[in-house]
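Residue-level listing of the chains:
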Amino acid sequence: MNEKIKVMIDEETIKKRLEEIATQINREFAGQEIVLACVLKGSVFITCELAKLITVPVKMDFVTLSSYGSGTISSGVVRMVKDFDEDIKDKNIIVIEDIVDSGRTLSYLFNHIKKSNPRSLKLFALLDKPERRVVNVNIDYIGFSIPDKFVVGYGLDYDQKYRNLSYIGVIETDQ
Ligand code: PRP
């Protein structure tokens, strides 16, 4: 089976959209410090790219979550594997996700962070798949809304591969 990747969103388009969102964040948090809360692993690329465009003081922290299930089927139960390193009380937190699908991960994390009383809490997703939503979640900054296709690149993987692509692509298979 050969895998071919068709470009869905190219690098230039992603860059432009990130610049727009960063400008909005810089304006909204002028004079304040923010923490970019990266959800590993997929969001690491987008967190770094966004951080470079932020002009207010910025810190980065990392969390690992997992959805247990059998094989590729998610159980829908989200579990904390690694919590943030720093105390998030009274901080301006922006959670960075590569993609929101069912919404379970972001919803779990939102509730988890809220318990620590941050000063503010905003959610960023590079990609949003609204058709797949099971749990309602209010995303403050959305890069792109996309159809229900399996996408890779810019942090997103297929069997841990393709995270390093500089664009968002769709896998096409020749069997
Ligand atoms: C992906 C993605 C989100 C989550 C979204 O993570 O990065 O965290 O799934 O799905 P949901 O909206 O249905 O909860 P994944 O578990 O594939 O881990 P990864 O980031 O390490 O690839």
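It should be emphasised that the depicted structure is a prediction, and the values quoted were computed from it without experimental measurement. (Residues numbered from 1 in each chain as written. Predicted model: local features only at pLDDT ≥ 70, side-chain atom pairs only at ≥ 80, totals over all residues. Heavy atoms only, no water.)

K.L.:
Quick question: what am I supposed to make of the site of the ligand here?
P.N.:
The environment of the ligand is formed by 14 residues, the closest being Glu 97, Asp 98, Ser 102, Gly 103 and Thr 105. Within the side chain of Ser 102, an N or O atom sits 2.6 Å from an oxygen atom of the ligand. For the ligand, the accessible surface in isolation is 500 Å², of which the surrounding protein chains cover 73%. Here the element with the most residues in the shell around the ligand is strand β5 (residues 92–100); it accounts for four residues. (Near = heavy atom within 4 Å. Polar contact = N/O pair within 3.5 Å; in protein donor to acceptor, adjacent residues only side chain to side chain. Areas by Shrake-Rupley, 256 points an atom, 1.4 Å probe, with all protein chains shown as cover. Helix = DSSP H or I, 4+ residues; strand = E, 2+ residues; numbered from the N terminus.)

K.L.:
What am I meant to see in the pairing of strand β6 (residues 120–128) here?
P.N.:
Summarising burial for β6: eight of the nine residues are buried, a large majority. Where β5 meets β6, eight bridges bridge the pair, whose relative direction is parallel. When the bridges of β6 are listed, Val 95 appears paired with Leu 123. Taken together, β5, helix α3 (residues 104–114) and β6 constitute a β-α-β crossover, and its handedness is right-handed. The sheet contact formed by β6 and strand β7 (residues 141–145) spans four bridges and is parallel. (Buried < 20%, exposed > 50% of the residue type's maximum accessible area, 1.4 Å probe, protein only. Pairing = 2+ DSSP bridges. Right-handed = clockwise from strand over helix to strand, strands pointing away.)

K.L.:
Looking at this model, I keep getting lost on the nonpolar core. Mind explaining?
P.N.:
In globular proteins that are soluble, nonpolar side chains generally tend to be buried together. One finds Ile 25, Ile 94, Phe 124, Leu 126, Leu 127 and Ile 168 to be the most contacted residues of the largest nonpolar core, which totals 28 residues. For this core, the element with the highest residue contribution is helix α1 (residues 11–28), accounting for five residues. Contacts of Ile 25, omitting those with residues within four sequence positions, involve Ile 34, Leu 50, Ile 54, Ile 94 and Tyr 141. (Core = buried A, V, L, I, M, F, W, Y, C linked by side-chain atoms within 4.5 Å. Contact = heavy atoms within 4.5 Å.)

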